[in-house]
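What follows is each chain in one-letter form.
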Amino acid sequence: MEKSYIIKQISIFSENRPGRLAAVAGALKEAGINIFAFSIAEADGFGVVRALVDRPEDAHRRLTDLGFRVSFTDVIGVKMRDEPGGLSEIAGVLGDAAINIEYAYAYSGRDAAVLILRVDQVEDAIRKILGSGGELLKASTFH
Amino acid sequence: MPPWNPRMEEIPRDELQRLQFRLLKTQVYRLYSFSEFYRARMKEQGVHPDDIRSLADAAKLPFMYKGDLRDNYPDRIFSASRDELVRYHVSSGTTGKPTVVGYTRHDIENWSESLARAFTSCGLGRGDVIQVSYGYGLFTGGLGAHYGAERIGATVLPTSVGNTERQIELMQDLHVTAIACTPSYLLHMGEVAEKMGISIRDDTDLSAGILGAEPWSEQMRERIEDWLGIKAYDIYGTSELSGPMFSECTEQQGIHIWGDLALVEVIDSGTGEVLAPGEQGELVITMLQKEALPMVRYRIGDITVLEDEPCACGRTHPRIRRISGRVDDMLIIRGINVFPSQVEHALLEIPGIGRHFQIVVDRQGALDTMLVRVEISEEAFSDKITDLMVLKKKVENRLRSTLNVAVGVELVEPGTLPRFEGKSKKVIDRRSM
Ligand SMILES: [Zn+2]
């Protein structure tokens, strides 16, 4: 049940040098892979590109063949209600359950803004969010 | 087991130094009179044999370099006549002409004596079966070890290199107790033996390895000793000195350099000044008794530390520590000597980092900076930035404690660092650009 909400994100290690991001996007486009969400986290000299795509396995293979370091990460997508305080509400629910949010990024979904979360206990997080009346995207929305 | 030559090996230090001075003086006179090359070199330096009035005056003498042998190919530096020579060995250089080394009968005698002392100090003697798996021929390793092993009354099994399976069978059947070869060949033998269903530790009598002719490390020693169940001893030499000459004793606390055969100094590579014992620098060796090709203050290009205290084994001669690198590879970062091999060894001990690396040296204002680029491995790749920062910090701390220099680390994508191109690509020194 909870599993159907687990979305398989691809994460790509990238050096901070010009053209790396374009290379990732270009390779996926060339393979006819759709990108739904895309986020970049940068640090001192390197970065991690995170993407939700329609065919994560194909994307993984394609990028690995091109020499990128790629991994899969389980994330969840929380639909944001169009009202203030949505984010802090979710953070509160997870915080009460002692679930850590590793990172979050937003993207504009079809009918509402969506918050993509990586948490340390993904199935627990799904139960808590659904239990508190929150709405999660099904993995089938993407794949 | 007592030393091979106790009177010489346990000679009081002041007596040894008097002997060294006498031999040095004789050698310099001899060279000055016989060798046009050396006479010119001394005149250039403004020094005459009469200026050598103490052992410390050795520092006044000019250096000799590998290039001198090549420039005087094949035998223009020799100071013995051709009919006195009993053997040649030839080493092929990676660049240009090979180096030819000639030996008089006395030179071969001293070479064998040196190795007889070395092998005995490793606990070997009559009753041992020593397999010599160094190459025989123009290379000095095979014949050198052979003569030394025969000298102490051991039985020699002259297998030379190659045909590893047969070597392992013979090792087993003839009850070999010690092997002389390169450390990497011994590791290879261990692997081949396992494939044959033979454990060198349990199924052979091997108890010692006399290993050298290539750089190796303490980690490699531990691996060999633990895996094969033997004692692994470091042996040192180069064809210009005769061949393999000096080794550790059973204390494994540095390589004994027989002072009656060789005078050892460690110098600052940059200034050429002699360093005090305990300081790391470039090894300089003077062969005190060599007749055919007397190398005086020869800069082999190896980096080490001189240990002047007498060894626990009772031998009084000075020791040098394991060679830690080559002068050609050495980087000086904020006055501290750094070798790419140190970086390599440190990285090998950190999981999550590939074994490929690149060093970038630069200068910011007056300060040298050193950056080590490493590839992120599959296991170590986390998509959490904090995990990657922790890994980066860990590598930085590790390198700093190994090298005693602050090092920046850059994580790079896999496959982007040079593979087999050697030093030219492994180190980028922007200070000279
Ligand atoms: Zn000793």
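Residues numbered from 1 in each chain as written. Chains lettered and ligands numbered in written order. Predicted model: local features only at pLDDT ≥ 70, side-chain atom pairs only at ≥ 80, totals over all residues. Heavy atoms only, no water.

- Identification of chain B as Phenylacetate--CoA ligase from Methanoculleus frigidifontis is taken from an unreviewed UniProt entry.

- Going by what an unreviewed UniProt entry lists, chain A is known as ACT domain-containing protein and is assigned to Methanoculleus frigidifontis.

**Digging into the overall build of chain B**
No. 1: Counting secondary structure elements, chain B contains 13 helices and 21 strands.
No. 2: Here chain B has a C-alpha radius of gyration of 23 Å; the compact-globule value for 433 residues is 22 Å, and the two agree.
No. 3: Dimensions of chain B, computed from C-alpha atoms along their principal axes, come out at roughly 70 × 60 × 40 Å.
No. 4: In chain B, buried positions account for 55% of the 433 residues.
No. 5: Partitioning the contacts of chain B with sequence separation of at least 6, the portion at a separation of at least 24 is 64%.
No. 6: A total accessible area of about 18,700 Å² is found for chain B, and carbon and sulfur atoms account for 49% of it.
No. 7: Across chain B, the 51 positively charged side chains and the 63 negatively charged ones have centroids separated by 4 Å. (Helix = DSSP H or I, 4+ residues; strand = E, 2+ residues; numbered from the N terminus. Rg over C-alpha atoms; globule rule 2.2 N^0.38 Å. Buried < 20%, exposed > 50% of the residue type's maximum accessible area, 1.4 Å probe, protein only. Contact = heavy atoms within 4.5 Å. Areas by Shrake-Rupley, 256 points an atom, 1.4 Å probe, with all protein chains shown as cover. Lys, Arg positive; Asp, Glu negative; His and termini not counted. Charge placed at Lys NZ, Arg CZ, Asp CG, Glu CD.)

**Notes on the domain arrangement of chain A**
Residues and elements named next belong to chain A.
No. 1: We note that the domain assignment places domain 1 (3–73) and domain 2 (75–141) within chain A.
No. 2: Centre-to-centre, using C-alpha coordinates, domain 1 lies 22 Å away from domain 2.
No. 3: Facing the 13 residues of domain 1 at the interface are 16 residues of domain 2.
No. 4: Carbon and sulfur atoms make up 63% of the area that domain 1 and domain 2 hide from each other, which totals about 1,500 Å².
No. 5: On the domain 1 side of the contact with domain 2, Tyr5, Ile6 and Ile7 bury the most area, a combined 43% of that side's loss.
No. 6: Viewed at the interface, domain 2 and domain 1 are joined by one salt bridge.
No. 7: Glu123 serves as the salt-bridge partner of Lys3, at 2.7 Å between the closest nitrogen and oxygen. (Domains from an automatic or database assignment. Buried area = accessible area lost by both parts, 1.4 Å probe. Salt bridge = Lys/Arg side-chain N within 4 Å of Asp/Glu carboxyl O.)

**Some thoughts on the nonpolar core**
Residue and element names in this part refer to chain B.
No. 1: Counting residues in each nonpolar core, the largest one holds 74 residues, and the members touching the most others are Phe119 and Ile320.
No. 2: The biggest single contributor to this core is helix H2 (residues 13–34), with seven residues.
No. 3: When near neighbours in sequence (up to four residues on either side) are disregarded, Ile320 contacts Tyr236, Gly254, Ile255, Ile257, Val264, Leu283, Thr304, Val305 and Leu306.
No. 4: Of all hydrophobic cores here, the second largest spans 33 residues; its members include Ile353, Phe357, Phe381 and Leu399. (Core = buried A, V, L, I, M, F, W, Y, C linked by side-chain atoms within 4.5 Å.)

**Regarding the layout of surface pockets**
Residue and element names in this part refer to chain B.
No. 1: The computed volume of the second largest pocket comes to approximately 350 Å³.
No. 2: Lining the second largest pocket are 19 residues, with Leu55, Leu263, Val264, Glu265 and Leu306 sitting closest to its centre.
No. 3: Of all elements in the fold, only H2 and strand S11 (262–267) reach the threshold of two or more residues within the lining of the second largest pocket.
No. 4: Each residue belonging to the lining of the second largest pocket can be placed in one class, and the counts come to 14 nonpolar, two polar and three charged. (1 Å grid on protein atoms, 1.4 Å probe; cavity = no way out; pocket = protein on both sides within 12 Å on 5 of 7 lines; lining within 4 Å. Points joined across faces, edges and corners; volume = space filled by probe spheres on them. Nonpolar A, V, L, I, M, F, W, Y, C, P; charged D, E, K, R; others polar.)

**Describing the confidence of the model for chain B**
No. 1: In the predicted model, chain B carries a mean pLDDT of 93, and 97% of its residues have values of at least 70.
No. 2: Here the complex is predicted with pTM 0.72, and the ipTM for its interfaces comes to 0.85. (pLDDT = per-residue confidence, 0-100.)

**Focus: the interface of chain B and chain A**
No. 1: Counting residues at the interface gives 17 residues for chain B and 24 residues for chain A.
No. 2: Between chain B and chain A, a total of about 1,700 Å² is buried, with carbon and sulfur atoms accounting for 58% of that surface.
No. 3: A per-residue breakdown of the area chain B buries against chain A is headed by B:Phe381, B:Asp383 and B:Glu413, which together make up 41% of the total.
No. 4: Here chain B is connected to chain A by six salt bridges.
No. 5: A:Arg20 is paired through a salt bridge with B:Glu413; the nearest N and O atoms lie 2.4 Å apart.

**Thoughts on the coordination of the zinc ion**
All names here are of chain B.
No. 1: Here the zinc ion is held by Cys249 (SG), His256 (NE2), Cys311 (SG) and Cys313 (SG), and the distances to it run 2.1 to 2.3 Å.
No. 2: Here the zinc ion binds four donor atoms, and the angle range of 103 to 116 degrees at the metal identifies the geometry as tetrahedral.
No. 3: Here the donor residues of the zinc ion are spaced in sequence according to C-x6-H-x54-C-x1-C.
No. 4: Its relative accessible area of 22% is what places Cys313 among the partly exposed residues. (Donors = N, O, S within 2.8 Å, 3.2 Å for Na, K, Ca; no water. Tetrahedral: all angles 85-135°; square planar, octahedral: opposite > 155°, others 65-115°.)

**Topic: the sheet that holds strand S6 (residues 178–181) of chain B**
Residues and elements named next belong to chain B.
No. 1: If you walk across this open sheet you meet the six strands as S5-S4-S6-S7-S8-S9, and the pairing is mixed. Each having just a single partner strand, strand S5 (155–157) and strand S9 (243–247) make up the two edges of the open sheet. Across this sheet, the average inter-strand angle for adjacent strands is 30 degrees, counted without regard to direction.
No. 2: Two elements, strand S7 (residues 208–212) and strand S8 (residues 231–238), share five bridges in a ladder whose sense is parallel. If you follow Ala208 over to S8, its bridge partner there is Lys231.
No. 3: Strands in contact with helix H6 (residues 140–151) are strand S4 (129–132), S5, S6 and S9; relative to S4, the strand with the most contacts, it is inclined by about 170 degrees. (Pairing = 2+ DSSP bridges. Axes fitted to C-alpha atoms, helices over the stretch in contact; angles between N-to-C directions.)

**Thoughts on the side chain of B:Thr182**
Residue and element names in this part refer to chain B.
No. 1: For Thr182, the location among the structural elements is in the loop between S6 and helix H8 (183–195).
No. 2: Owing to a relative accessible area of 19%, Thr182 belongs among the buried residues under this scheme.
No. 3: Once residues within four sequence positions are removed from consideration, Thr182 is found in contact with Tyr134, Leu211, Gly212, Ala213 and Glu214.

**Re the domain arrangement of chain B**
All names here are of chain B.
No. 1: One can read the domain layout of chain B as domain 1 (1–327) and domain 2 (330–432).
No. 2: With nine residues of domain 1 at the interface, the matching set in domain 2 holds six residues.
No. 3: For the pair domain 1 and domain 2, the two sides together bury roughly 570 Å², of which 47% comes from carbon and sulfur.
No. 4: Among the residues of domain 1 in contact with domain 2, Gln219, Gln280 and Ser324 are the three that bury the most area, contributing 50% of the side total.
No. 5: In this structure, the connection of domain 1 to domain 2 is made through zero salt bridges.
No. 6: Seen at the junction of domain 1 and domain 2, the total is four residue pairs in polar contact (both at pLDDT 80 or more).
No. 7: When its residues are assigned to classes, the side of domain 1 that touches domain 2 shows two nonpolar, six polar and one charged. (Polar contact = N/O pair within 3.5 Å; in protein donor to acceptor, adjacent residues only side chain to side chain.)

**Topic: the pattern of salt bridges**
No. 1: For the coordinates displayed, the defined rule picks out 41 salt bridges over all chains.
No. 2: A:Arg55 is the partner of A:Asp58 in a salt bridge, and the nearest nitrogen-oxygen pair spans 2.8 Å.
No. 3: Residue class for A:Arg55 comes out partly exposed when judged on its relative accessible area of 32%.
No. 4: Residues joined in a network through salt bridges with shared partners are B:Glu218, B:Arg221, B:Asp234, B:Glu248 and B:Arg322.

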